[in-house]
Amino acid sequence: MLETHEPYAGAALANGYAFAEGAGYTLPEYPFVAPPEILSGEVKRYPVVIVGAGITGLTLACALAQYGVRALLLDEDNTVGVKGASSRGICYAQKTLEIFRRLGIYERIASKGVQWSIGRTFAGADEVYSFDLRQQQTHSLSQQPPFINIQQFYVEGFLIEQLSPADPADRLIDTRWKHRITAFEQNADFATLTAATPAGSYTLQAEHVIDCSGAHSPFRQWCGIPLSAQKGDDRWCIADVRFKHPPPAERHTWIEAPFNEGRAVWQHLMADGVWRVDYQMPPLASAEAVSREDVVRARLSKQFGHELGVDECEIVWVGPYAYRSECLDQLRHGRVFFAGDAAHVMSPFGARGGNSGVQDADNLAWKLAAVLQGRAAPALLDSYHEERHEAAEYNLRVTNRTARFLRPADGAERLFRTAALGLARRYVFARQLVNTGRMSTPNTYTRSGACSPTGGRATQNVALAWPDGSRGELMDLLKWAGGRLLLLVFGDLSAGAAARLRALSLRTDLRCVQVIAPGESASATEHVLDPQGHLQASCHVFGHAWALLRPDSYVAATGESIDASLVHALGLALGTGEQPQGNAEEKLKGKAA
Ligand SMILES: Cc1cc2nc3c(=O)[nH]c(=O)nc-3n(C[C@H](O)[C@H](O)[C@H](O)COP(=O)(O)OP(=O)(O)OC[C@H]3O[C@@H](n4cnc5c(N)ncnc54)[C@H](O)[C@@H]3O)c2cc1C
């Protein structure tokens with residue numbers, strides 16, 4: 001088991017934690033500071049209070065800070081990761097990496113994490129199929145890879161550092177460790193929270209509470225929210241291991257592992273040369289029994305033999321787990337917004353848990369910022385539930401299907417799996433029926449009141465060129481837009497369209513940019529080049545068209561001419577329900593004035 005050790009003398013402690021060979025991880029401990037309320041006895045009111053500094057709460061805090069919004073971030077713990085220093089999440093998908101690129105931590109994740117490209121799937125003694133992701137990436141236009149493997153606590157550590165700029169005057173997020181929220185109530189004007197700390201309890205008020213307190217969220221009960229939940233009897237046990245002679249850096253997945261009594265096994269490489277080996281256990285197996293060191297070592301020997309120096313391998317961490325599958329019926333309850341595991345819990349297959357928490361946070365952050373900064377109507381916040389609940393339902397459907405493939409019920413489900421494996425051994429088409437997890441992808445929003453029927457799809461972080469020819473990325477453009485909507489108008493502009501674009505550019509809630517391809521001319525002050533048409537493809541439009549992008553890099557709407565449909569789309573995306581009336585051109589000019 002991972003234990004707390006003295007910092008390893010030779011290791012770089014840039015994060016306050018480091019991997020020390022033979023000694024596991026030493027995680028950072030953040031100091032408890034007595035809050036001003038305890039010292040003064042005053043009850044303060046905050047516009048945004050985030051409860052829980054896990055990956056979801058930290059992402060939200062970083063995104064809010066990037067939009068210039070102040071928030072209070074409270075966590076009952078004082079370190080990264082979950083209690084017991086487990087790495088839990090290991091795989092971060094492209095959309096999440098793009099968000100981290102915007103938040104400024106992507107480079108660190110890419111240099112610390114691991115990217116593998118060869119995956120092999122086995123059943124019994126056979127390799128059913130293998131793939132090489134390098135040969136499958138032609139459809140991706142993103143500047144980020146399909147995923148990176150890295151321990152969750154590293155990601156959390158990078159986010160915490162991002163929240164702590166060198167100059168305290170630039171610090172917008174007040175992070176308070178060892179603050180456990182123990183009581184909550186809300187009325188029409190504000191919410192009241194009680195925080196228990198080592199220096200005593202105190203009360204604070206909040207205009208918006210974001211519950212990021214994980215799967216055991218107390219807010220669910222405090223708000224009396226109905227929950228759709230399922231708990232299976234499938235049990236798993238993780239062994240995070242460092243081998244003396246590491247195996248090849250490939251992902252191996254056994255659906256029926258002969259060395260694990262015919263049950264599933266996963267094998268992935270993470271940072272620091274640590275392997276995540278994940279064993280499916282007998283139903284209702286005792287967590288204590290399966291995670292005893294001698295039992296873990298016996299399992300590893302059975303799998304790897306003695307060739308990799310298994311007898312001397314280092315067991316960095318062992319974590320037994322059973323997963324649940326649940327989702328709140330409402331992700332908003334008055335002043336409380338539920339995000340991450342507090343809103344939905346799913347099995348880890350396809351890495352949809354943490355990745356969807358990051359995307360919940362990114363979805364909510366720009367909406368909160370726009371409302372608090374007076375650029376959008378409060379009604380915009382309702383679209384958080386509409387969009388992210390649809391995403392959670394989809395993610396749960398996908399992960400539940402994988403869970404059933406990996407632990408099929410006797411009868412039709414088992415018959416299907418046996419048939420799928422038999423076919424996949426012989427025919428390429430059947431490989432897609434072998435469901436060992438479907439990697440987290442950005443969700444499409446079909447029920448959102450904030451998107452037009454042409455919107456709701458994610459873009460990818462494609463490359464573009466600035467007017468001076470230097471290279472940029474869509475994320476840079478979104479960052480430049482600073483939390484405002486971004487109107488991209490593709491192609492040459494007529495004099496009238498250029499005038500309308502100039503008029504729109506004066507709106508404080510919008511940034512307008514002309515996007516030109518080779519041979520087209522720039523008539524708007526703000527323009528970028530799209531040499532290969534990737535930006536246009538990523539926005540799902542063709543020819544002369546516009547795309548209205550949101551700060552979370554989703555398309556709010558698309559259209560062909562700058563007319564009433566754009567005014568309508570702006571109204572939806574800002575929650576103002578603004579309807580075009582009369583002459584659209586006049587309307588646009590009127591708004592600009
Ligand atoms: C074995 C396993 C493997 C996984 N693999 C992946 C993967 O590869 N990729 C992926 O994306 N996801 C993965 N997941 C899921 C992922 O770990 C979770 O979805 C993610 O941790 C959820 O983050 P969160 O911030 O919402 O909640 P948490 O990480 O649970 O954070 C909640 C925070 O709230 C704090 N808190 C709780 N109660 C209170 C309170 N009352 N007051 C104040 N603070 C409080 C806690 O201290 C904690 O810091 C995996 C999960 C497991 C179990």
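Heads up: these notes are all about the structure in this document. Source: prediction; values computed, not measured.

### Brief notes about the nonpolar core
Core analysis: the largest hydrophobic core is formed by 120 residues, its most contacted members being I50, F100, I210, L487 and L548. The element that contributes the greatest number of residues to this core is helix α9 (residues 352-372), accounting for nine residues. Membership of the second largest hydrophobic core comes to 25 residues, among which are A257, L269, Y279 and L308.

### As for the sheet that holds strand β17 (residues 275-281)
Backbone-to-backbone hydrogen bonds join strands into a sheet, with any given pair of strands oriented parallel or antiparallel. Here we have seven strands laid out as an open sheet, ordered β7-β6-β15-β16-β17-β14-β18, and mixed in their pairing. Either end of the sheet is taken by a strand with one partner, and the two such strands are β7 (126-132) and β18 (314-321). Strand-to-strand twist in this sheet, taken as the mean axis angle between neighbours without regard to direction, amounts to 15°. In this structure, strand β6 (residues 118-123) lies alongside strand β15 (residues 251-257), joined through five bridges in parallel fashion. Looking at β15, one finds that F122 is bridged to W254.

### Quick word on the site of the ligand
Near the ligand you find 32 residues, and of these D75, R88, Q152, D341 and N355 are the closest. T56 is positioned with one of its side-chain polar atoms (N or O) 2.8 Å from an oxygen atom of the ligand. Contact between the ligand and N355: an oxygen atom at 2.8 Å from a main-chain N or O atom of the residue. Of all the elements in the fold, those that place two or more residues in the shell around the ligand are α2 (55-66), β4 (71-75), β5 (91-93), β10 (180-186) and α9. With three residues, α9 is the single largest residue contributor to the shell around the ligand. Looking at the shell around the ligand, its residues break down into 14 nonpolar, 12 polar and six charged.

### Re a nonpolar patch on the surface
There is a patch of nonpolar side chains on the surface, built from F416, L423, Y427, F429 and L433 and spanning about 450 Å² of accessible area. For Y427, the location among the structural elements is in the loop between α11 (412-426) and β23 (463-465).

### A short note on the packing of α2 against helix α5 (residues 152-162)
Relative placement of two packed helices is described by the angle separating their axes and the distance separating the axes. It is at 9 Å that the axes of α2 and α5 come closest, and there the two elements cross at 30°. Here α2 lies roughly parallel to α5, going by the angle between them. When the axes of α2 and α5 are compared, the crossing they make is left-handed. Along the contact surface, α2 presents I55, L58, T59 and C62, while α5 presents Q152, V155, E156, L159, I160 and Q162.

### Let's talk about the pairing of β15
For β15, a buried count of six out of seven residues is recorded, marking the element as mostly surrounded by other parts of the structure. Here β15 runs beside strand β16 (residues 263-269); their pairing, made up of four bridges, is antiparallel. Along β16, the bridge assignment pairs W254 with V265. The hairpin formed by β15 and β16 contains five residues between the paired strands, and E261 there has a positive phi angle of roughly 50°.

### Some words on helix α8 (residues 293-304)
In an α-helix, one full turn covers 3.6 residues, which means residues spaced three or four apart are oriented alike. Helix length check: α8 (12 residues) gives 16 Å between terminal C-alpha atoms against 16 Å at 1.5 Å per residue, within 8%. Every buried residue belonging to α8 is among V296, R299, L300, S301, Q303 and F304, and all of these are buried. Contact partners of the buried residues in α8: β14 (235-242), β15, β16, β17, α7 (287-290) and β18.

Rules of the game
Residues numbered from 1 in each chain as written. Predicted model: local features only at pLDDT ≥ 70, side-chain atom pairs only at ≥ 80, totals over all residues. Heavy atoms only, no water. Core = buried A, V, L, I, M, F, W, Y, C linked by side-chain atoms within 4.5 Å. Buried < 20%, exposed > 50% of the residue type's maximum accessible area, 1.4 Å probe, protein only. Helix = DSSP H or I, 4+ residues; strand = E, 2+ residues; numbered from the N terminus. Pairing = 2+ DSSP bridges. Axes fitted to C-alpha atoms, helices over the stretch in contact; angles between N-to-C directions. Near = heavy atom within 4 Å. Polar contact = N/O pair within 3.5 Å; in protein donor to acceptor, adjacent residues only side chain to side chain. Nonpolar A, V, L, I, M, F, W, Y, C, P; charged D, E, K, R; others polar. Patch = residues over 30% accessible without salt bridge, like charges linked within 9 Å, V, L, I, M, F, W, Y side chains within 5 Å. Areas by Shrake-Rupley, 256 points an atom, 1.4 Å probe, with all protein chains shown as cover. Salt bridge = Lys/Arg side-chain N within 4 Å of Asp/Glu carboxyl O. Parallel < 35°, antiparallel > 145°, perpendicular 65-115°, else oblique. Left-handed = near helix turned anticlockwise from the far one by under 90°. Contact = heavy atoms within 4.5 Å. Expected span 1.5 Å × (residues − 1).

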